[in-house]
Amino acid sequence: ASKGKVYAFYAKWADQCKNIGDILTQLASVYGSSVEITRVDIEDSTSDALVDKYNVGPIPTVVFVAPDGQVASTIIGESTYNNYEAAIRAISQPYRGVH
């Protein structure tokens, strides 16, 4: 079965992105087996395709993609562990669509 994916877009110079690394590390240790968490440095030219695909503007932007490839949610700007966790849970449960 394919896994949900989390793309965390950040830049090393952005103050708002400083905390996101720690949060992602915590989330990866809890949910790493059920979702794939990828950090994407927007300054890296190899990231351009993903930045364009998900239409990333302000950073940090974290995009949560369901196992079927649909974007389930996007969190723009600084947020909390709980908000990210809720978004991950929505894509890491056996995906059944809307009840």
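What you see is a predicted model, and the numbers here were worked out from it, not measured in a lab.

1. As for the pattern of salt bridges
Okay, so step 1: Taken as a whole and assessed by the stated rule, the structure comprises two salt bridges.
Okay, so step 2: The closest approach of N and O atoms between Lys12 and Asp41, which form a salt bridge, is 2.6 Å. Separated by 29 residues along the polypeptide, Lys12 in the loop between strand S1 (4–10) and helix H1 (20–31) and Asp41 in strand S2 (residues 35–41) bring together distant segments of the chain.
Okay, so step 3: Among the salt bridges present, the one from Asp15 reaches Lys18, with a minimum N-O distance of 3.4 Å. Taken individually, Asp15 and Lys18 each receive the classification exposed, so the pair is uniform in this respect.

2. Concerning the environment of Ile37
Okay, so step 1: Tracing the chain through its elements places Ile37 in strand S2.
Okay, so step 2: Given the relative accessible area of 23%, Ile37 is considered partly exposed.
Okay, so step 3: C-alpha separation for the pair Ile37 and Ile76, spaced 39 residues apart in sequence, amounts to 16 Å.
Okay, so step 4: Residue contacts for Ile37: discarding those within four places in its chain leaves Val6, Leu24, Leu27, Ala28 and Ile88.

3. Some details on the packing of aromatic side chains
Okay, so step 1: Under the definition given, this model contains three aromatic pairs.
Okay, so step 2: With centroids separated by 6.4 Å and ring planes inclined at 35°, the aromatic side chains of Phe64 and Tyr84 adopt a geometry described as tilted. Highlighted residues: Phe64 in strand S3 (residues 61–65) and Tyr84 in helix H3 (residues 81–92), separated in sequence by 20 residues. For the pair shown, Phe64 and Tyr84 are each scored as buried.
Okay, so step 3: Taken together, the aromatic side chains of Tyr7, Phe9 and Tyr54 make up a single cluster linked through ring pairs.

4. A closer look at the side chain of Ser92
Okay, so step 1: Along the chain, the position of Ser92 falls in helix H3.
Okay, so step 2: Residue class for Ser92 comes out buried when judged on its relative accessible area of 19%.

5. Observations regarding the sheet that holds S2
Okay, so step 1: Taken together, four strands build an open sheet; the order of strands is S2-S1-S3-S4 and the sheet is mixed. Each edge of the open sheet is held by one strand with a lone partner, namely S2 and strand S4 (71–76). Strand-to-strand twist across the sheet, computed as the mean angle between neighbouring axes with direction ignored, equals 15°.
Okay, so step 2: Two elements, S1 and S3, share five bridges in a ladder whose sense is antiparallel. Looking at the pairing, Phe9 lines up with Thr61 of S3.
Okay, so step 3: In the packing of H1 onto the sheet, the strands contacted are S1, S2 and S3, and the crossing angle to S2 comes to about 160°.
Okay, so step 4: Packed onto the sheet, H3 meets S1, S2, S3 and S4 and runs at close to 20° relative to S3.

Cut-offs used in this document
- Residues numbered from 1 in each chain as written.
- Predicted model: local features only at pLDDT ≥ 70, side-chain atom pairs only at ≥ 80, totals over all residues.
- Heavy atoms only, no water.
- Salt bridge = Lys/Arg side-chain N within 4 Å of Asp/Glu carboxyl O.
- Helix = DSSP H or I, 4+ residues; strand = E, 2+ residues; numbered from the N terminus.
- Buried < 20%, exposed > 50% of the residue type's maximum accessible area, 1.4 Å probe, protein only.
- Contact = heavy atoms within 4.5 Å.
- Phe/Tyr/Trp six-rings, centres within 6.5 Å; stacked < 30°, edge-to-face > 60°.
- Pairing = 2+ DSSP bridges.
- Axes fitted to C-alpha atoms, helices over the stretch in contact; angles between N-to-C directions.

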